[in-house]
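Read off the chains here:
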Amino acid sequence: MKLVMAIVQDKDSNRLANAFIDANIRATRLPSTGGFLKAGNSTFMIGIEEVRVPEALEVIKKNVSIKETIFIKFDVTRCFDGWSSTVSC
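Everything numeric here is computed off the predicted structure, so don't read it as measured data. (Residues numbered from 1 in each chain as written. Predicted model: local features only at pLDDT ≥ 70, side-chain atom pairs only at ≥ 80, totals over all residues. Heavy atoms only, no water.)

Peer 1: Mind showing me how you'd approach the packing of aromatic side chains here?
Peer 2: Two aromatic rings are characterised by how far apart their centres lie and by the angle between their planes. Under the definition given, this model contains one aromatic pair. Both rings, one in Phe 20 and one in Phe 44, keep their centres 5.6 Å apart while their planes meet at 65 degrees; by these two values the pair is edge-to-face. Of this pair, Phe 20 sits in helix α1 (residues 10–22) while Phe 44 sits in strand β3 (residues 40–48), and the two are 24 residues apart along the sequence. (Phe/Tyr/Trp six-rings, centres within 6.5 Å; stacked < 30°, edge-to-face > 60°. Helix = DSSP H or I, 4+ residues; strand = E, 2+ residues; numbered from the N terminus.)

Right, here's the structure in full:
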């Protein structure tokens, strides 16, 4: 037996849970929250025979979407002149 853990976006969790049922893969779903963006997620814990691990991974790949997030890095040290309140961005 192997334990597969998958953390997916909330919007994909119902579709993935139904796909696991259709594939006769037993999984436990736990609500979870991401750290940095505090986004809602679901964590699936799947106990499965080693020979079926590729099947479980394929079910996951087919039923979740890839999340793209753009981060803009802002260097505040370039905007402030020491301890003064002068902003020079």
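Peer 1: Explain the pattern of salt bridges here, please?
Peer 2: Think of it this way: side chains of opposite charge can pair up when their charged atoms draw near. Under the definition given, this model contains two salt bridges. Between Arg 15 and Asp 12 there is a salt bridge; the shortest N-O distance is 2.5 Å. Highlighted residues: Arg 15 and Asp 12, both in helix α1, separated by three residues, approximately one helical turn. Look at Asp 12 and you get buried, because its relative accessible area is 2%. Arg 52 serves as the salt-bridge partner of Glu 55, at 2.9 Å between the closest nitrogen and oxygen. Of the residues examined, Glu 55 reaches a relative accessible area of 34% and is grouped as partly exposed. (Salt bridge = Lys/Arg side-chain N within 4 Å of Asp/Glu carboxyl O. Buried < 20%, exposed > 50% of the residue type's maximum accessible area, 1.4 Å probe, protein only.)

Peer 1: Looking at this model, I keep getting lost on the nonpolar core. Mind explaining?
Peer 2: A general feature of soluble globular proteins is that nonpolar side chains tend to end up buried together. In terms of nonpolar packing, the biggest core is built from 15 residues, with Leu 16, Phe 20, Ile 25, Phe 44, Ile 46, Ile 48 and Ile 60 touching the most fellow members. Put simply, the parts of the chain that give this core at least two residues each are β1 (2–9), α1, β3 and α2 (53–63). In contact with Ile 60, not counting residues within four places along its chain, are Val 4, Ala 6, Leu 16, Phe 20 and Ile 46. (Core = buried A, V, L, I, M, F, W, Y, C linked by side-chain atoms within 4.5 Å. Contact = heavy atoms within 4.5 Å.)

Peer 1: Explanation requested: unusual backbone geometry in the structure shown.
Peer 2: Backbone phi values are negative for most residues with the exception of glycine, while trans is the configuration of most peptide bonds. Although it is not a glycine, Asn 24 sits at a positive phi angle of roughly 55 degrees. Tracing the backbone shows Asn 24 in the loop between α1 and β2 (27–33).

Peer 1: Can you walk me through the packing of α1 against α2 in this structure?
Peer 2: Axes are the key here: two packed helices are described by the angle between their axes and the distance separating the axes. Here α1 crosses α2 at 145 degrees, and the two axes come no closer than 9 Å. Taken as a pair, α1 and α2 cross one another with a handedness that is right-handed. Facing Asp 12, Arg 15, Leu 16, Ala 19 and Phe 20 of α1, the residues of α2 in contact are Ala 56, Val 59, Ile 60 and Asn 63. Its residues placed into classes, the contact of α1 with α2 shows six nonpolar, one polar and two charged. (Axes fitted to C-alpha atoms, helices over the stretch in contact; angles between N-to-C directions. Left-handed = near helix turned anticlockwise from the far one by under 90°. Nonpolar A, V, L, I, M, F, W, Y, C, P; charged D, E, K, R; others polar.)

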